[in-house]
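Residues per chain, in single letters:
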Amino acid sequence: MVYLMTKKNDDKARGFLTYKREMPARRPVNERIRDSGEVYMPFPEEKLKSQATRCMDCGVPFCQAGCPLGNRIPDWNHFVHEGRWREAYDLLRSTNNFPEFTGRICPAPCESACVLGVIDAPVTIEQIERETIERAFKEGWVDPGAPAIRTGKHVAVIGSGPSGLAAADQLNRAGHWVTVFERDDRPGGLLQYGIPDFKLEKHVVERRIGVMEQAGITFKTGVHIGVDTDRETLSAFDAVVLCIGATKPRDLPIPGRDAHGIHYAWNYLWQQNKRVAGHPLDEVEPIIATDKHVIVIGGGDTGSDCIGTANRQGAKTITQFEVLPMPPENRPVHQPWPFYPMILRSSSSHEEGAERHWSVMTKAFETENGRVVALHTVKVEVKTGDDGRPRFVEVEGSEVRWPADLVLLAIGYTGPEPGGVVEQLGVPLDARGAIQTDGHYHTPVPGVFAAGDGRRGQSLVVWAISEGREAARAVDIYLMGESRLPTKGRGDLPFVR
């Protein structure tokens with residue numbers, strides 16, 4: 001199938017002059033912090049078409065280059081503008097396995113690369129993507145698409161986060177039998193247990209898992225490959241894809257770190273997602289923010305998720321620290337368009353209530369009877385050292401004591417967890433602590449591939465999906481000598497060898 005673009009009408013040609021960027025309204029704060037539902041309200045179809053009309057159909061679509069998946073954004077924007085939803089969905093699905101995920105939780109580097117963003121607010125690409133896939137589910141267009149012919153090859157995918165799901169989906173479409181192993185009780189990985197429901201309700205994840213099962217993919221949960229299985233478990237497979245993520249959290253080894261009440265953000269979010277799902281918790285120490293002074297260390301998305309969760313749990317106060325300086329509100333000179341800029345961003349969680357502080361370094365945790373009661377910080381400045389590298393310099397006399405009953409460490413991840421399947425298979429790590437691969441996602445171990453954060457390092461959900469797709473193509477070539485799976489941006493229109 002090949003799409004031919006029709007001549008744009010005058011409304012489309014002047015849409016970026018006629019309409020301003022508009023996003024769905026958020027539910028009132030005092031309403032949404034009482035539940036776990038997504039924060040955004042429905043967006044009328046006519047407004048969405050108007051937003052799609054703002055797309056300028058640039059001769060060189062930088063938005064497409066800015067997307068790790070190479071989504072053909074101007075084309076499906078045009079289809080949405082004309083109300084040709086089925087065609088918009090078909091084109092979107094050809095390059096993106098899971099628009100319902102990226103349409104909710106992707107930071108949208110495509111929008112940062114939008115040409116309109118040079119002079120005005122960029123096109124609402126992410127929202128259009130979300131509404132397109134939701135329309136497809138509503139209309140029944142999302143066909144599981146089980147392959148008509150099977151190759152007889154069996155592939156094991158270890159991990160069911162976004163990279164694992166993308167790899168499994170593509171490999172299944174190529175005709176291989178795919179089994180996905182997940183150590184937790186439900187598939188989805190980060191999507192299931194690392195992201196709060198107010199950003200991604202779990203019925204969205206489960207809906208997609210159901211589609212994949214109908215397509216012939218097998219999910220085995222509660223199986224921690226490499227820990228409660230031996231190497232022989234994987235011997236029945238013709239290839240293995242490691243999509244285990246970068247789940248080893250970065251620690252903060254300062255005095256008092258071993259006190260109760262100091263936790264990694266992942267453990268906190270994992271528990272809350274379990275509670276919302278109604279699943280029992282067997283932890284010795286429940287992590288909950290109710291009536292507590294909460295300190296979140298780390299200014300990224302994970303820290304923001306902790307803030308939103310703590311607000312819903314009824315925290316007494318919430319304070320967030322970031323060791324880096326406060327970002328500018330506009331693009332810095334050294335990050336010009338179309339690069340993704342490091343600018344000040346405030347999430348819906350910040351809107352719900354939290355104090356934010358930048359250039360703050362935690363020096364020690366104060367404890368009483370084995371529990372954290374406060375932490376001590378200093379202000380820092382970034383200066384260039386004698387070696388030419390930036391370093392943090394403490395500001396004299398800037399020490400502050402902060403009361404704290406619960407401290408959440410949201411300072412990133414350093415790579416895959418040690419041991420487990422990586423050690424069992426003898427897969428080496430590179431100098432960064434990530435899984436070592438060649439230029440085709442193949443590890444030095446024959447038949448073992450890797451994709452996602454475990455290979456790339458901590459990154460975005462859209463990069464994880466891209467990695468899974470590319471790794472699947474590499475596996476297909478390894479198994480069959482060639483592949484009909486598409487490369488980045490080509491989509492499935494048409495398949496080429």
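Residues numbered from 1 in each chain as written. Predicted model: local features only at pLDDT ≥ 70, side-chain atom pairs only at ≥ 80, totals over all residues. Heavy atoms only, no water.

> I'm lost on the packing of helix α6 (residues 73-81) against helix α7 (residues 85-95) in this one. Help?
Relative orientation and spacing of two packed helices are given, respectively, by the angle between their axes and the distance between those axes. The geometry of α6 relative to α7 is characterised by a closest axis approach of 7 Å and an angle of 160° between their N-to-C directions. Taken together, the axes of α6 and α7 are roughly antiparallel relative to one another. When the axes of α6 and α7 are compared, the crossing they make is left-handed. Between α6 and α7, the contacting residues are D75, W76, F79 and V80 on the first element and W85, E87, A88, L91 and L92 on the second. In terms of residue class, the contact of α6 with α7 is built from seven nonpolar, no polar and two charged. (Axes fitted to C-alpha atoms, helices over the stretch in contact; angles between N-to-C directions. Helix = DSSP H or I, 4+ residues; strand = E, 2+ residues; numbered from the N terminus. Parallel < 35°, antiparallel > 145°, perpendicular 65-115°, else oblique. Left-handed = near helix turned anticlockwise from the far one by under 90°. Contact = heavy atoms within 4.5 Å. Nonpolar A, V, L, I, M, F, W, Y, C, P; charged D, E, K, R; others polar.)

> Teacher, can you tell me more about the packing of α6 against helix α10 (residues 125-139) here?
Packing of α6 against α10 brings their axes to within 11 Å, and their N-to-C directions diverge by 60°. Classed by the angle they form, the pair α6 and α10 counts as oblique. Note that α6 runs across α10; the crossing there is left-handed. Every residue of α10 that contacts α6 at I73, W76, N77 and V80 is listed here: I125, I128, E129 and T132. Taken together, the residues that form the contact of α6 with α10 break down as five nonpolar, two polar and one charged.

> How should I be thinking about the sheet that holds strand β7 (residues 293-297) in this particular structure?
Strand pairing in a sheet takes place through backbone hydrogen bonds and is either antiparallel or parallel in direction. Pairing is parallel in the open sheet, where five strands are placed in the order β6-β14-β7-β8-β9. Of all strands in the sheet, those bounded by a partner on one side alone are β6 (262-264) and β9 (355-358). Averaged over neighbouring strand pairs, the angle between their axes works out to 20° when direction is ignored. Of the strand pairs in this sheet, β7 and strand β14 (residues 406-409) are connected by four bridges, and their pairing is parallel. Its bridge partner being in β14, V294 is matched across the sheet by L406. Packing of helix α14 (residues 265-277) onto the sheet brings it into contact with β6 and β14, and relative to β6 it is tilted by some 80°. The strands touched by helix α15 (residues 301-312) are β7, β8 (317-322) and β14; relative to β8, the strand with the most contacts, the crossing angle is about 175°. (Pairing = 2+ DSSP bridges.)

> How should I be thinking about the confidence of the model for the protein chain in this particular structure?
Low pLDDT marks regions whose predicted coordinates should not be analysed in detail. Mean pLDDT over the protein chain works out to 93, with 95% of the residues at or above the 70 mark. Under a pLDDT of 50 for its full length, residues 1-8 has, in the predicted model, 14 contacts with residues more than four places off or in other chains. Low pLDDT, under 50, characterises residues 493-497; the predicted model gives this stretch 14 contacts beyond four residues in sequence or across chains. (pLDDT = per-residue confidence, 0-100.)

> Help me understand the environment of E206, please; the structure alone is not making it clear to me.
Here E206 is to be found in helix α13 (residues 202-214). The exposure class assigned to E206 is partly exposed, which follows from its relative accessible area of 37%. Residues E206 and I128 lie 78 residues apart in sequence; the distance between their C-alpha atoms is 22 Å. Setting aside anything within four residues of it in sequence, one finds E206 in contact with R186 and Q192. (Buried < 20%, exposed > 50% of the residue type's maximum accessible area, 1.4 Å probe, protein only.)

> Mind showing me how you'd approach α10 here?
In an α-helix, one turn spans 3.6 residues; hence positions three or four apart end up facing the same way. An ideal rise of 1.5 Å per residue puts 21 Å on 15 residues; α10 measures up with 21 Å between its terminal C-alpha atoms. When we look at burial in α10, the residues that qualify are I125, E126, Q127, I128, E129, R130, T132, I133, A136 and F137. G140 occupies a position one or two residues after α10 and carries a positive phi of about 80°. (Expected span 1.5 Å × (residues − 1).)

> Honestly, the packing of aromatic side chains in this entry has me stumped. Any pointers?
Any pair of aromatic rings gets described here by the distance separating the centres and the angle formed by the planes. Counting across every chain of the model gives six aromatic pairs. Ring centres of F181 and F237 lie 5.9 Å apart, and the angle between their planes is 85°; on these two criteria the pair is classed as edge-to-face. On the criterion of sequence distance, the pair formed by F181 in strand β2 (residues 177-182) and F237 in the loop between β3 (218-221) and β4 (239-242) is long-range, its members being 56 residues apart. Just as F181 is buried, F237 falls in that class too. Aromatic side chains F449 and Y478 sit 5.4 Å apart centroid to centroid with 70° between the ring planes, which places their arrangement in the edge-to-face category. A residue pair is termed long-range when its members are at least 10 positions apart, and F449 in strand β16 (residues 448-450) and Y478 in helix α19 (residues 461-480) qualify at 29 residues. The exposure class assigned to F449 is buried, which follows from its relative accessible area of 2%. Above the plane of the ring of F137 lies R207, whose end atom (NZ or CZ) is 3.7 Å from the centre. When the ring centre of Y264 is taken as reference, the NZ or CZ atom of R257 above it lies at 5.2 Å. (Phe/Tyr/Trp six-rings, centres within 6.5 Å; stacked < 30°, edge-to-face > 60°. Lys NZ or Arg CZ within 6 Å of the ring centre and 35° of its normal.)

> Help me understand the sheet that holds β2, please; the structure alone is not making it clear to me.
Pairing is parallel across the open sheet formed by five strands, whose spatial order is β3-β2-β1-β4-β16. In this open sheet, the two strands that pair with only one neighbour each are β3 and β16. Shown here is a sheet whose adjacent strand axes are inclined to one another by a mean of 20°, direction ignored. The sheet contact formed by β4 and β16 spans three bridges and is parallel. Note on β16: the bridge partner recorded for V241 is F449.

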